[in-house]
Amino acid sequence: MYEGVVQDLIDELGRLPGVGPKSAQRIAFHVLQSDPTDVRRLAHALLEVKDKVRFCAVCGNVAEAERCRVCLDPRRDLAVICVVEEPKDVVAIERTREFRGRYHVLGGAISPIEGVGPDDLRIRELLSRLADGTVTELILATDPNLEGEATATYLARLCKPMGLKVTRLASGLPVGGDLEYADEVTLGRAFEGRRLLDV
Ligand SMILES: [Zn+2]
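Treat the numbers as computed from the prediction; the structure is a model and nothing was measured. (Residues numbered from 1 in each chain as written. Predicted model: local features only at pLDDT ≥ 70, side-chain atom pairs only at ≥ 80, totals over all residues. Heavy atoms only, no water.)

Assigned secondary structure in the protein chain consists of eight helices and seven strands. Across its three principal axes, the protein chain shows a C-alpha extent of roughly 60 × 35 × 35 Å. Counting over 199 residues, the protein chain shows a buried share of 39%. In the protein chain, of all internal contacts separated by at least 6 residues, the share reaching a separation of at least 24 is 58%. Carbon and sulfur atoms provide 54% of the accessible area of the protein chain, an area that totals close to 12200 Å². The distance from the centre of the 27 positive side-chain charges to the centre of the 32 negative ones in the protein chain is 5 Å. (Helix = DSSP H or I, 4+ residues; strand = E, 2+ residues; numbered from the N terminus. Buried < 20%, exposed > 50% of the residue type's maximum accessible area, 1.4 Å probe, protein only. Contact = heavy atoms within 4.5 Å. Areas by Shrake-Rupley, 256 points an atom, 1.4 Å probe, with all protein chains shown as cover. Lys, Arg positive; Asp, Glu negative; His and termini not counted. Charge placed at Lys NZ, Arg CZ, Asp CG, Glu CD.)

Bringing the coordination of the zinc ion into the picture now. The protein atoms that coordinate the zinc ion are C56 (SG), C59 (SG), C68 (SG) and C71 (SG), at distances of 2.3 to 2.4 Å. Of note is the zinc ion, whose four donor atoms meet at the metal with angles of 102 to 117 degrees in an arrangement that counts as tetrahedral. Of note, the donors binding the zinc ion are all from one chain and are spaced C-x2-C-x8-C-x2-C. Look at C68 and you get buried, because its relative accessible area is 1%. We classify C71 as buried; its relative accessible area is 7%. (Donors = N, O, S within 2.8 Å, 3.2 Å for Na, K, Ca; no water. Tetrahedral: all angles 85-135°; square planar, octahedral: opposite > 155°, others 65-115°.)

Quick look at the pairing of strand 3 (residues 80–84) now. Burial within strand 3 is extensive, with five of its five residues counted as buried. Note that strand 3 and strand 5 (residues 137–140) share four bridges and pair parallel. Bridge pairing links V83 to L140 in strand 5. Note that the unit made of strand 3, helix 5 (residues 87–96) and strand 4 (residues 102–105) has a crossover that is right-handed. (Pairing = 2+ DSSP bridges. Right-handed = clockwise from strand over helix to strand, strands pointing away.)

This part is about the UniProt feature "zinc finger region: C4-type" (unreviewed entry) in the protein chain. Under the UniProt annotation, "zinc finger region: C4-type" (unreviewed entry) lies at residues 56–71. For the annotated span residues 56–71, helix accounts for 19% and strand for 12% of the residues, and the straight-line distance between the end C-alpha atoms is 8 Å. (UniProt positions renumbered as here; feature names shortened; annotations may be inferred.)

Hydrogen bonds between backbone atoms are what pair the strands of a sheet, whose relative direction is either parallel or antiparallel. If you walk across this open sheet you meet the five strands as 4-3-5-6-7, and the pairing is mixed. Only two strands of the sheet have a single partner each, and these edge strands are strand 4 and strand 7 (195–196). Sheet topology note: the strand 3/strand 4 ladder contains four bridges and is parallel. Bridge pairing in strand 4 places I81 opposite R102. Strands strand 3 and strand 4 of the sheet are contacted by helix 5, whose axis makes an angle of about 155 degrees with strand 4. (Axes fitted to C-alpha atoms, helices over the stretch in contact; angles between N-to-C directions.)

Working note: non-glycine residues mostly have negative phi, and peptide bonds are mostly trans. In this structure, R97 takes a positive phi of about 60 degrees despite not being glycine. Along the chain, the position of R97 falls in the loop between helix 5 and strand 4.

Predicted confidence across the protein chain gives a mean pLDDT of 91, with 96% of residues reaching 70 or more. The secondary-structure element of the protein chain with the lowest mean pLDDT is helix 8 (residues 184–192), recorded at 81, while strand 4 shows the highest, at 98. (pLDDT = per-residue confidence, 0-100.)

What follows concerns the packing of aromatic side chains. Across all of its chains, the model carries three aromatic pairs by this definition. Plain terms: the ring middles of F99 and Y103 are 5.1 Å apart, the flat faces sit at 65 degrees to each other, and that makes the pair edge-to-face. In this structure Y103 comes out as buried when scored by relative accessible area, which is 1%. Among the aromatic side chains, those forming a connected cluster through ring pairs are F99, Y103 and F191. (Phe/Tyr/Trp six-rings, centres within 6.5 Å; stacked < 30°, edge-to-face > 60°.)

Take the environment of L78 next. Relative to the helices and strands, L78 is located in the loop between helix 4 (69–72) and strand 3. With 78 residues separating them along the chain, L78 and A156 place their C-alpha atoms 19 Å apart. Once residues lying within four places of it in the same chain are set aside, the contact partners of L78 are R102, T134 and V135.

Right under this line is the structure:
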């Protein structure tokens, strides 16, 4: 629709999650009208994040070192692991201040439709963390939707025979939704009211 580089920018923006063609166009023109210093700062932030941020070798959360801030924190309870789908879920749960254990980020959820199976998630890494018996409780905090429930059931079946207490966040979270959209109070309550999972 536009010429050369403007259209290139709109195309690139349109490939971002949640950005439709109209938004892509709006952002592109915002960039065109912005101060060059602001645009350079944005470009710099994009490059820096790819350069500096990696994934924690233990839990899969975003990290600026080999281990993330949670895994490096000696005050965290080593006996409890909260399993989530994405690093953004870690942020959502940290905001509630209800959880003092550590995390395990799966990198998604089981979804046959999208061709995501257990082997595509960081499940093997989870099992190796459970192997030495330090962890006694596993809290399954995958999203309250079809894929999240399927993933929780799969993990519960896998881990229960290991003698772990396997719990799931209490209901009350917006069903079909994303963990990150739950407000702090609701998510905090869901943590407190977590229930044992029967599988
Ligand atoms: Zn970590």
